[in-house]
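# Secondary and tertiary structure notes
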Amino acid sequence: MSLIDWNRQCEPELTSESDWMNRRSFIRCAGLFGTAILLGGCFPEVKELEEIDFDLERAQSAGLPGPDQLTPLRKVTAYNNFYEFGTGKEDPASFAHSLVTEPWTVSVEGHCENPGVLDLDQLLEAQTVEERIYRMRCVEGWSMVIPWQGVSLGKVLERFKPLPQAAFVAFETLFDPEMMVGQRYPHLPWPYLEGLRMDEAMHPLTLLATGLYGKDLPNQNGAPLRLVVPWKYGFKGIKSIVAIRFVEKMPPATWANYVPSEYGFFANVNPEVSHPRWSQRMERRLGEIKRRRTLPFNGYGEEVSSLYTGMDLKKWF
Ligand code: MTE
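Attention in this report is confined to the structure presented alongside it. (Residues numbered from 1 in each chain as written. Predicted model: local features only at pLDDT ≥ 70, side-chain atom pairs only at ≥ 80, totals over all residues. Heavy atoms only, no water.)

## Here's the deal with the overall build of the protein chain
- Within the protein chain, the regular secondary structure consists of 11 helices and 12 strands.
- Of the roughly 14200 Å² that the protein chain leaves accessible, carbon and sulfur atoms contribute 53%. (Helix = DSSP H or I, 4+ residues; strand = E, 2+ residues; numbered from the N terminus. Areas by Shrake-Rupley, 256 points an atom, 1.4 Å probe, with all protein chains shown as cover.)

Set out below in structure tokens:
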């Protein structure tokens, strides 16, 4: 049975954590061939299971980390970074219930033919919600494997017809200290900002997530809409987005601007470049005891390394 068939067969039931956890053979393969599987639904060529199992064994004997398992839902939703609700890992789960996500509008601005303020349904209209299982690697040295639902950012952006001057895309999180208790304190300059170069934004792996584990995004994970760029450190994954802007120059990004000596705009996962406080060689997968080696581009190098040809990736942290 091909992975496409396998996916199709399972998809309707994918609503609860236990359903997801039952898909262990699928996940085991997703570890090394995540993108083949993740994009299996939209790319005509996918590997057969047998072929993937073979490659998996070979890679393991070459010393790569063991197979990936989904991070349990309770960990994905209880251990978060969302400074708008406090700086503790458990703060977002405790305080993010105050975030009202309906109605929600997103303003699309800048160098494009069709700017506008759209409610979420309009923004996502005509898009196919896809299921993507991605590794997420935080620069603090922990990681998770999360089954997201979302739409291709590139496909969403195309609708607005970006103009040739649009070299970057900037994103902005809601600023509302009434609902976001952490914004009453200067933990960070508010609102949280992030950005991508246009080719990164248009890359098929880049996702605008609307859900995880088959349900709408929990508030603490960035409801109702967040960015997921699996080959970059987690801080690029801006949450609760209210503005998308096509811009000419590299836009400000919260962490890169706040502590430029520690964070860069590109922030591709790179075990060779240590953060001043954390080596990036190894990572702790939540739920696991033994640490595992971090992979360049978080394991997505085959798909994305060509975006950075000619760039000194040590310099462009
Ligand atoms: N987005 C906003 N608006 N505010 C934040 O504090 N934290 C970032 C990123 N997106 C953050 C944010 C960081 S540092 C990480 S590691 C990821 O969200 C964490 O995502 P998670 O809590 O869903 O695991």
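From this point, the narrative continues.
## Here we look at the environment of A170
- Residue placement: A170 occurs in strand β5 (residues 168–173).
- Using a relative accessible area of 7% as the deciding quantity, one classes A170 as buried.
- When the C-alpha atoms of A170 and G195 are compared, they prove to be 4.2 Å apart, with 25 residues separating the residues in sequence.
- Beyond its immediate chain neighbours, meaning those up to four positions away, A170 contacts E194, G195, A243, I244, R245 and P251. (Buried < 20%, exposed > 50% of the residue type's maximum accessible area, 1.4 Å probe, protein only. Contact = heavy atoms within 4.5 Å.)

## Considering the sheet that holds β5
- Pairing is mixed across the open sheet formed by five strands, whose spatial order is β2-β1-β10-β5-β6. Two strands in the sheet have a free side with no partner beyond their single neighbour: β2 (116–119) and β6 (193–197). The sheet shows a mean angle of 20° between the axes of neighbouring strands, direction not considered.
- Of the strand pairs in this sheet, β5 and β6 are connected by five bridges, and their pairing is antiparallel. Across the sheet, F171 pairs through a bridge with E194, a residue of β6. (Pairing = 2+ DSSP bridges. Axes fitted to C-alpha atoms, helices over the stretch in contact; angles between N-to-C directions.)

## With respect to the site of the ligand
- Close to the ligand lie 16 residues, the nearest being Y83, E84, R226, G237 and K239.
- Between an oxygen atom of the ligand and a main-chain N or O atom of Y83, the distance comes to 2.8 Å.
- Looking at side-chain class alone, the shell around the ligand contains seven nonpolar, six polar and three charged residues. (Near = heavy atom within 4 Å. Polar contact = N/O pair within 3.5 Å; in protein donor to acceptor, adjacent residues only side chain to side chain. Nonpolar A, V, L, I, M, F, W, Y, C, P; charged D, E, K, R; others polar.)

In short, the description is geometric, and any link to function would need to be established separately.
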